[in-house]
Amino acid sequence: MTAVFSHGRLRLYLLKLLDDGPKHGYELIRLLEERFLGLYAPSAGTIYPRLQRLEADGLVSHTAAGGRKVYEITAAGRAELSQRAGELAALESDIAASVADLSTLAGEIRSEVRGSVRDLKRELREATRQTRRNRWIPPAPAPVTAPPPGPEQAAQAEFDQRLAAFAGEVSALVRSRRLSESQLRTAIRLLDGALDGLRRLLR
């Protein structure tokens, strides 16, 4: 229970609310919550025992309506309100001050929460950036080393090189000199002979 209602002052305020018209317990709780701008709401365990005490003292009475007890102030309750008018005015002033304090506190809490959320978001963003910068990159796989060539592969490679060199050298010799037709035909016969020898070898 909020401090402004200490020392029996909630009892006085309940009489004040009932003076405005009959109400059931839930309505009284809602009116108090509205008076405190939603920052304070008494529990049923706070309100109903006090209503019962007020009824026992003859300050309120109740009737049953729709399964609920509806309370209304009695003449004795109005007389007490009149006698305690000054106390009620002081209570209203204290409630206004309490509401202002609670509103300020709620604003500060909201600001702190927003600040904490901003800080948390900033830290999460920084952590994400740091993680991305430091993201583990798997090492490149070791290059696959081809096995050394066997004797047949080595001989094939040498043959290819010699053939390319032979063709290049023959072509260069022919182009570097102006051969007659008979010389060219002789060179062709030599090439044909070499080719025939290879064919016989590879049969």
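Residues numbered from 1 in each chain as written. Predicted model: local features only at pLDDT ≥ 70, side-chain atom pairs only at ≥ 80, totals over all residues. Heavy atoms only, no water.

### Describing the nonpolar core
For clarity, the cut-off: Note on terminology: a nonpolar core comprises buried Ala, Val, Leu, Ile, Met, Phe, Trp, Tyr and Cys residues joined through side-chain atoms within 4.5 Å. When accessible area is computed with a 1.4 Å probe and restricted to protein chains, residues below 20% of their type maximum are described as buried, those above 50% as exposed, and intermediate ones as partly exposed. In DSSP terms, a helix is any run of H or I states spanning at least four residues, a strand is any run of E spanning at least two, and both are numbered starting from the N terminus.
The biggest cluster of nonpolar side chains holds 26 residues, and the ones touching the most others in it are Phe 5, Tyr 13, Leu 14, Leu 32, Leu 51 and Ile 95. Taken together, the elements giving at least two residues each to this core come down to α1 (9–19), α2 (25–35), α3 (44–56), β3 (68–73) and α5 (85–133). When residues in this core are grouped by element, the largest group, seven residues, is from α1.

### Here we look at the side chain of His 24
Condition: Any pair of residues with heavy atoms lying within 4.5 Å of one another is described as a contacting pair.
In this fold, His 24 is placed in strand β1 (residues 23–24). Residue contacts for His 24: discarding those within four places in its chain leaves Arg 68, Lys 69 and Val 70.

### Quick look at the packing of aromatic side chains
Using the following cut-off: By convention, a stacked pair of Phe, Tyr or Trp rings (six-membered ring in the case of Trp) has centres within 6.5 Å and planes under 30 degrees apart, an edge-to-face pair has planes over 60 apart, and any other such pair is tilted.
Scanning all chains against the criterion turns up four aromatic pairs. Their ring planes at 45° and their centres at 5.8 Å tell us that Phe 5 and Tyr 13 sit as a pair that is tilted. The class for Tyr 13 is buried, based on a relative accessible area of 3%. Considering the side-chain rings of Phe 5 and Phe 36, the 5.8 Å spacing of their centres and the 70° angle between planes classify their relative orientation as edge-to-face. Taken together, the positions of Phe 5 in the segment before α1 and Phe 36 in the loop between α2 and α3 put the pair 31 residues apart, joining distant regions of the chain.

### Looking at unusual backbone geometry
Positive phi is not limited to glycine here, since Leu 37 has a value of about 55°. Residue position: Leu 37 is located in the loop between α2 and α3.

### Notes on the pattern of salt bridges
Here is the rule: Only one rule defines a salt bridge in this text: a Lys or Arg side-chain nitrogen within 4 Å of an Asp or Glu carboxyl oxygen.
Tallied over the entire structure, the rule returns eleven salt bridges. The residue Arg 9 makes a salt bridge to Asp 94 at a minimum N-O spacing of 2.8 Å. Note that Arg 9 is positioned in helix α1 and Asp 94 in helix α5, a separation of 85 residues in sequence. On the basis of relative accessibility, which here comes to 33%, the residue Asp 94 falls in the partly exposed class. Lys 16 is the salt-bridge partner of Glu 92, the closest N and O atoms lying 3.6 Å from each other. With Glu 92 in helix α5 and Lys 16 in helix α1, this residue pair connects regions lying 76 residues apart in the sequence. Residue Glu 92 is classed as partly exposed on the basis of its relative accessible area, which comes to 23%. Connected via shared salt-bridge partners are Arg 11, Arg 53, Asp 57, Glu 80, Arg 84 and Glu 87.

### Focus on the pairing of β3
Regular strands place side chains that alternate from one sheet face to the opposite one. For the record, the criterion: Think of it this way: DSSP has to see at least two bridges between two strands before they count as a pair.
Across two bridges, the pairing between β1 and β3 is antiparallel. Paired with Lys 23 across the bridge in β3 is Tyr 71. Bridging between strand β2 (residues 60–65) and β3 involves six bridges; their strand directions are antiparallel. Looking at β3, one finds that His 62 is bridged to Tyr 71. The turn joining β2 and β3, which pair antiparallel and follow one another in sequence, is formed by two residues; a positive phi near 60° is taken by Gly 66.

### Examining the sheet that holds β3
What counts is decided by this rule: To get an axis, fit a line to the C-alpha atoms, keeping to the stretch in contact for a helix; angles then go from 0 to 180 degrees between the N-to-C directions.
In space, the three strands of this open sheet follow the order β1-β3-β2, with antiparallel pairing throughout. The open sheet terminates on both sides in strands that have one partner only, identified here as β1 and β2. α1 contacts β1, β2 and β3 of the sheet and is inclined by roughly 90° relative to β3.

### Notes on the packing of α2 against α3
As a reminder, the rule being used: What sets the label is the angle itself: under 35 degrees gives roughly parallel, over 145 gives roughly antiparallel, 65 to 115 gives roughly perpendicular, and the rest give oblique. Crossing handedness is defined as follows: a turn of the near helix away from the far one that is anticlockwise and smaller than a right angle gives a left-handed crossing, while the clockwise case is right-handed. Classes in brief: Ala, Val, Leu, Ile, Met, Phe, Trp, Tyr, Cys and Pro nonpolar; Asp, Glu, Lys and Arg charged; the others, Gly included, polar.
For the pair α2 and α3, interaxial distance at closest approach is 10 Å and the crossing angle is 120°. Classed by the angle they form, the pair α2 and α3 counts as oblique. In this structure, α2 meets α3 at a crossing whose hand is right-handed. When α2 is examined against α3, the residues Gly 25, Tyr 26, Leu 28, Ile 29 and Leu 32 are found in contact with a partner set consisting of Ala 44, Ile 47, Tyr 48 and Leu 51. For the contact of α2 with α3, a count of residues per class yields eight nonpolar, one polar and no charged.

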